[in-house]
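Spelled out, the chains give:
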Amino acid sequence: MRSIFSIVVPVYQNAKNLYQNVPKLLTLKDMLPVYELELIFVDDGSSDGSFDILKSFVAKNPEHIKIIKLARNFGQTPAIQAGLRYAHGQCVGIISADLQEPYELFVDMLKKWEEGAKFVMGERCHREEHKRHQMISSIYWTLVRRFALPDFPKMGYDFCLIDRQVVDNINQINEKNSSVFVLIYWLGYRPVRIPIIRSLRNEGESQWHLWKKINFTIDTIFNFTLLPARLITFSGITMACFCFLYFLRMFILWFLYHETPPGWMSVIGLLSMFGALLLFSIGIVSEYLLRILDESRKRPPYVVEDVIKIEANEKR
């Protein structure tokens, strides 16, 4: 019996490139004749007709394609988590629907998996993107490397192959407001790195707008580092030292030269600094409390509205 190779593809507003990219992924069945190919497309609440396009491909390729339709847009990480739960493969690949990563490298990744690797990543060595996008992404990955995972890829990754054991580990984690790719790396499996070049999109527009990137960065910092909590501590120590030196200076001036310390200017300045520091600290604590509240509600990270299965080619 042939081994199953599953590929999870999160889909959100990708109608313009699905007609071109789904057939490309289907060519892998000829490139990997010893494997049974399972393509799992997770429609993350698209409103541009992506789901209908995917259904048309299921009708033509019922033995290779499965579609998971989420009730609304939950985000990339929940979409991938949903796909991993429905994947049956002994190993599972993850790639974006825009295919900016070289999908044909799954062949090389599988060879590494056959040699015993449990985690094979496509490590970006170059990005064919606008300088602004590169700058924003580099800030995010620098923060991850500096405060969470020092050996994390400098340009990140979102194209990988993982063993069934790693999939099962991820499926046991129901953490919200997280990054599945940082989570996979955090598990500790030593990755085999294959250098790749991230190419430009052929069709459509990226849904990773600036605000989403900011939220994603905040979520990663709070979920994988102690930086925010430590920042409160260090800020408090710094302000305490500053205030001690300031009042020591005022006391010396008064004791030696009988100078009257400046009045309302110094008081207002100190109160403003302490007020800003207090609000900043409350904001950080609130972020942690919001995440605790989110976890305590026990709401699922995603809701599956519909599944089109491969075996029967019918909606269940």
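The rules behind these values
Residues numbered from 1 in each chain as written. Predicted model: local features only at pLDDT ≥ 70, side-chain atom pairs only at ≥ 80, totals over all residues. Heavy atoms only, no water. Helix = DSSP H or I, 4+ residues; strand = E, 2+ residues; numbered from the N terminus. Buried < 20%, exposed > 50% of the residue type's maximum accessible area, 1.4 Å probe, protein only. Contact = heavy atoms within 4.5 Å. Areas by Shrake-Rupley, 256 points an atom, 1.4 Å probe, with all protein chains shown as cover. 1 Å grid on protein atoms, 1.4 Å probe; cavity = no way out; pocket = protein on both sides within 12 Å on 5 of 7 lines; lining within 4 Å. Points joined across faces, edges and corners; volume = space filled by probe spheres on them. Nonpolar A, V, L, I, M, F, W, Y, C, P; charged D, E, K, R; others polar. Polar contact = N/O pair within 3.5 Å; in protein donor to acceptor, adjacent residues only side chain to side chain. Salt bridge = Lys/Arg side-chain N within 4 Å of Asp/Glu carboxyl O.

Looking at this structure, how should I read the overall build of the protein chain?
Looking only at helices and strands, the protein chain has eleven helices and eight strands in total. Every one of the 316 residues in the protein chain was classed for burial, and the buried ones make up 45%. Considering only intrachain contacts with a sequence separation of at least 6, the fraction spanning at least 24 residues in the protein chain is 82%. Just so you have it, the protein chain exposes about 16800 Å², and 61% of that area is on carbon and sulfur atoms.

I tried to follow unusual backbone geometry on my own but got confused; where do I start?
Trans is the common state for peptide bonds, and a negative phi is the common state for residues other than glycine. Even without being a glycine, Gln 13 presents a positive backbone phi close to 55°. Within the secondary structure layout, Gln 13 lies in the loop between strand E1 (3-11) and helix H1 (15-26). The exposure class of Gln 13 is partly exposed, given its relative accessible area of 22%. Positive phi values are uncommon outside glycine, yet Leu 99 reaches one of about 50°. Along the chain, Leu 99 turns up in the loop between strand E4 (91-94) and helix H5 (106-114).

Hey, could you run me through the layout of surface pockets in this one?
Left-over empty space is what a probe sized like a water molecule reveals as it rolls over the atoms. Of the volumes computed, that of the second largest pocket is approximately 170 Å³. Lining the second largest pocket we find Lys 176, Asn 177, Asp 219, Glu 287, Leu 290, Arg 291, Leu 293, Asp 294, Arg 297, Arg 299 and Pro 300. Per-element tally for the lining of the second largest pocket: the top contributor is helix H11 (residues 264-296), with five residues. For the lining of the second largest pocket, the residue count by class is three nonpolar, one polar and seven charged.

Would you mind going over the side chain of Ser 6 with me for this structure?
With respect to the secondary-structure elements, Ser 6 resides in strand E1. A polar side-chain atom of Ser 6 sits 2.3 Å from a polar atom in the side chain of Glu 38. Setting aside chain neighbours within four positions, we find Ser 6 in contact with Glu 38, Ile 40, Ala 87, His 88, Gly 89, Cys 91, Val 92 and Gly 93.

Is there a simple way to think about the pattern of salt bridges in this case?
Between side chains of opposite charge, a pair can form as their charged atoms come close. As enumerated under the stated definition, the model contains seven salt bridges in all. Across the salt bridge formed by Glu 38 and Lys 66, the nearest N and O atoms sit 3.7 Å from each other. With Glu 38 in strand E2 (residues 35-43) and Lys 66 in strand E3 (residues 65-70), this pair connects stretches of sequence that are 28 residues apart. A relative accessible area of 6% places Glu 38 in the buried class. As a salt-bridge pair, Asp 168 and Arg 164 come within 3.3 Å of each other at their nearest N and O atoms. Placement of both Asp 168 and Arg 164 in helix H7 (residues 164-171) is noted, with a separation of four residues, approximately one turn of the helix. What makes Arg 164 partly exposed here is its relative accessible area of 22%. A single salt-bridge network, built from bridges that share partners, covers Glu 101, Arg 124 and Asp 158.

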